[in-house]
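Now for the letters of each chain:
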Amino acid sequence: MTERLVERTLRAFSDDLASSAAVPGGGSAAAYAGAMGAALAAMVGRIAERKETSEATAALIAEADNLRSDFVRLVDDDSAAYARVSEAMKLPKTNDDEKRARTERLQSALLAASRVPLEIAKTSRRLLDLCERTVERAATATVSDIGVGAFLAETALRGAALNVMINLASIKDAAQVKALSEDLDHAVDGADAQRKRITDFVESRIAR
């Protein structure tokens, strides 16, 4: 696919996900969920800024915009990384030299394909942090939006984590697996409790 995924319409992107092609897949979908969550955080900040302009709110908006840009880039990065895995898997393996070359290329591609969703996971955790700092500034009419943003951040994080794990399962370098697993654990640890704090606060604001 020569066209960037992020340049496609929502319908076209969902059609791509629904097709039998290996890419785009769950990693790109997770990154797009993160992009939507960051967009909602930016919207909540901008609406809050209408009532009270402050450096703190402006900084939150800028951070949300930067996170959204990162997620949008990662939508394509994830698909590109896994496409290289698919290409490596198609290499010939009719003799020992071919098998060795295929294994080396596949292992390298799997390592790269693990690092991209790991970046998505880390970016998602930064978005959760941002949602927690933004929620108390949210106007009454937008507090539910930052709650949705937090759910999307957690979805992006959990989805990215699954993609890291499935790729690590095929990597033979134990040291790399250990290092990447520890990075992932750091991104995931406490995320469910953090999201719950945010959405509990949201629900307390909108409870009937």
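Look above for the structure.
In this report, the structure presented in the accompanying data block is examined.

About the cut-offs
Residues numbered from 1 in each chain as written. Predicted model: local features only at pLDDT ≥ 70, side-chain atom pairs only at ≥ 80, totals over all residues. Heavy atoms only, no water. Helix = DSSP H or I, 4+ residues; strand = E, 2+ residues; numbered from the N terminus. Buried < 20%, exposed > 50% of the residue type's maximum accessible area, 1.4 Å probe, protein only. Contact = heavy atoms within 4.5 Å. Areas by Shrake-Rupley, 256 points an atom, 1.4 Å probe, with all protein chains shown as cover. Axes fitted to C-alpha atoms, helices over the stretch in contact; angles between N-to-C directions. Parallel < 35°, antiparallel > 145°, perpendicular 65-115°, else oblique. Left-handed = near helix turned anticlockwise from the far one by under 90°. Nonpolar A, V, L, I, M, F, W, Y, C, P; charged D, E, K, R; others polar. Core = buried A, V, L, I, M, F, W, Y, C linked by side-chain atoms within 4.5 Å. Expected span 1.5 Å × (residues − 1). Bend = angle between axes of the 7 residues up to and from the residue. Salt bridge = Lys/Arg side-chain N within 4 Å of Asp/Glu carboxyl O. Arc of directions from axis to C-beta.

1. As for the overall build of the protein chain
Move 1: What the protein chain contains, in helices and strands, is 7 helices and 0 strands.
Move 2: In terms of overall dimensions, the protein chain has a C-alpha envelope of 70 × 35 × 35 Å along the principal axes.
Move 3: Out of the 208 residues belonging to the protein chain, those deemed buried represent 43%.
Move 4: The contacts in the protein chain between residues at least 6 apart in sequence include a share of 77% that link residues at least 24 apart.
Move 5: About 11200 Å² of surface is accessible on the protein chain, with carbon and sulfur atoms providing 53% of the total.

2. Quick notes on the packing of helix α4 (residues 96–134) against helix α7 (residues 191–206)
Packed helix pairs are specified by the crossing angle of their axes together with the interaxial distance, meaning the distance between the axes.
Move 1: Across the interface, α4 lies against α7 with an axial gap of 10 Å and an inter-helix angle of 30°. Overall, the two elements α4 and α7 adopt an arrangement that is roughly parallel. Of the two elements, α4 crosses α7, and the hand of that crossing is left-handed. Here α4 contributes R125, L128, D129, C131 and E132 to the contact with α7, which in turn contributes A191, Q194, R195, R197 and I198.
Move 2: Taken together, the residues of the contact of α4 with α7 break down into 4 nonpolar, 1 polar and 5 charged.

3. Topic: the nonpolar core
Move 1: L127, L128, L130, I146, L157 and L184 are the most contacted members of the largest nonpolar core, which totals 49 residues.
Move 2: Those elements that provide at least two residues to this core are α2 (26–51), α3 (55–89), α4, α5 (143–168), α6 (174–188) and α7.
Move 3: Ranked by residue count, the leading element in this core is α4, at 13 residues.
Move 4: Ignoring sequence-local partners within four residues, the contact set of L128 consists of A150, A153, L157, A191, Q194, R195 and I198.

4. Observations concerning α3
Move 1: If you check α3, its first and last C-alpha atoms are 51 Å apart, about what 35 residues at 1.5 Å a residue would give, namely 51 Å.
Move 2: At L74, α3 shows its maximal bend, which comes to roughly 25°.

5. A closer look at unusual backbone geometry
Most peptide bonds take the trans configuration, and most residues that are not glycine carry a negative phi.
Move 1: Here the bond from V23 into P24 is cis, since omega is -5°, no more than 30 degrees from zero.
Move 2: Looking at the element boundaries, P24 is found in the loop between α1 (10–18) and α2.

6. Looking at the pattern of salt bridges
Side-chain pairs of opposite charge can arise where the charged atoms are in close proximity.
Move 1: Counted according to the given criterion, the structure contains 15 salt bridges.
Move 2: Of the charged contacts in the structure, one is a salt bridge between E87 and R105, with a shortest N-O distance of 3.8 Å. A residue pair is termed long-range when its members are at least 10 positions apart, and E87 in helix α3 and R105 in helix α4 qualify at 18 residues.

7. Some remarks on the environment of A42
Move 1: Residue position: A42 is located in helix α2.
Move 2: The spacing of A42 and A64 is 22 residues in sequence and 5.2 Å in space, taken between C-alpha atoms.

8. Quick word on the packing of α5 against α7
Move 1: Relative to each other, α5 and α7 sit at 165°, their axes nearing to 9 Å. The angle between α5 and α7 falls in the class roughly antiparallel. The two elements α5 and α7 cross, and the hand of that crossing is left-handed. Facing V143, S144, I146, G147, A150, F151, E154, L157 and R158 of α5, the residues of α7 in contact are A191, D192, R195, I198, T199, V202, R205 and I206.
Move 2: Residues belonging to the contact of α5 with α7 are distributed by class as follows: 9 nonpolar, 3 polar and 5 charged.

9. Quick notes on α1
Move 1: Within α1, burial applies to A12, F13 and D16. The arc enclosing the buried residues of α1, seen along the axis, measures out at 100°, which places them on a common side. Residues of α1 that are exposed and angled more than 90 degrees away from the buried face: L10, R11 and A18.
Move 2: On its buried face, α1 sits against α2 and α3.

10. Examining the environment of A191
Move 1: Along the polypeptide, A191 turns up in helix α7.
Move 2: It is 15 Å that separates the C-alpha atoms of A191 and E119, two residues lying 72 residues apart in sequence.
Move 3: When residues no more than four places from it in sequence are discounted, the contact partners of A191 are R125, L128, E154, L157 and R158.

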